[in-house]
Amino acid sequence: MNSPNSTENLTICSAKGCRADAVWVLAWNNPKLHTPDRRKTWLACEEHREHLSQFLGVRGFLKDVVALEEWEASASGR
Ligand SMILES: [Zn+2]
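Here we summarise the structure given alongside this text.

Rules used throughout
- Residues numbered from 1 in each chain as written.
- Predicted model: local features only at pLDDT ≥ 70, side-chain atom pairs only at ≥ 80, totals over all residues.
- Helix = DSSP H or I, 4+ residues; strand = E, 2+ residues; numbered from the N terminus.
- Buried ≥ 20, exposed ≤ 12 C-beta atoms within 10 Å, placed from the backbone.
- Contact = placed C-beta atoms within 7 Å.
- Pairing = 2+ DSSP bridges.
- Axes fitted to C-alpha atoms, helices over the stretch in contact; angles between N-to-C directions.

**Remarks on the overall build of the protein**
Alright, step 1. Looking only at helices and strands, the protein features 2 helices and 3 strands.
Alright, step 2. Tracing the protein from N to C terminus, the helices and strands come up as β-β-α-β-α.
Alright, step 3. Per-residue burial for the protein yields a buried fraction of 21% across its 78 residues.
Alright, step 4. Here the contacts in the protein between residues at least 6 apart in sequence split such that 58% fall between residues at least 24 apart.

This is the structure we're talking about:
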């Protein structure tokens, strides 16, 4: 694997080196790069949810943490 942080269309944890199945979606936004309504997403396994949300949280980027099931349900539900 040579794209460790690619999260598109994968349900693997976004933490570096982690290959566990993701169970959480972290929705975030960097106001310097993104318009306010834009959401980037990282996926996290149970173990890395706190680590990744802290990483985003201290930068003020973290907007939402949603269970992957709920995220997919709301994304495909309309
Ligand atoms: Zn992980």
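**Remarks on the sheet that holds strand β1 (residues 24-28)**
Alright, step 1. Spatially, the 3 strands line up as an open sheet ordered β2-β1-β3, and their pairing is antiparallel. In this open sheet, the two strands that pair with only one neighbour each are β2 (40-44) and β3 (62-67). This sheet shows a mean twist of 25° between the axes of neighbouring strands, independent of strand direction.
Alright, step 2. For β1 and β3, the ladder comprises 5 bridges, and the chain directions are antiparallel. When the bridges of β3 are listed, W28 appears paired with L62.
Alright, step 3. Across the face of the sheet, helix α2 (residues 68-76) comes into contact with β1, β2 and β3 while running at roughly 100° to β3.

**Structural notes on the environment of I12**
Alright, step 1. Mapped onto the secondary structure, I12 falls in the segment before β1.
Alright, step 2. As a C-alpha pair, I12 and W42 span 30 residues in sequence and 9.5 Å in three-dimensional space.
Alright, step 3. Ignoring any residue separated from it by four or fewer positions in sequence, one finds I12 in contact with R19, D21, A22 and L43.

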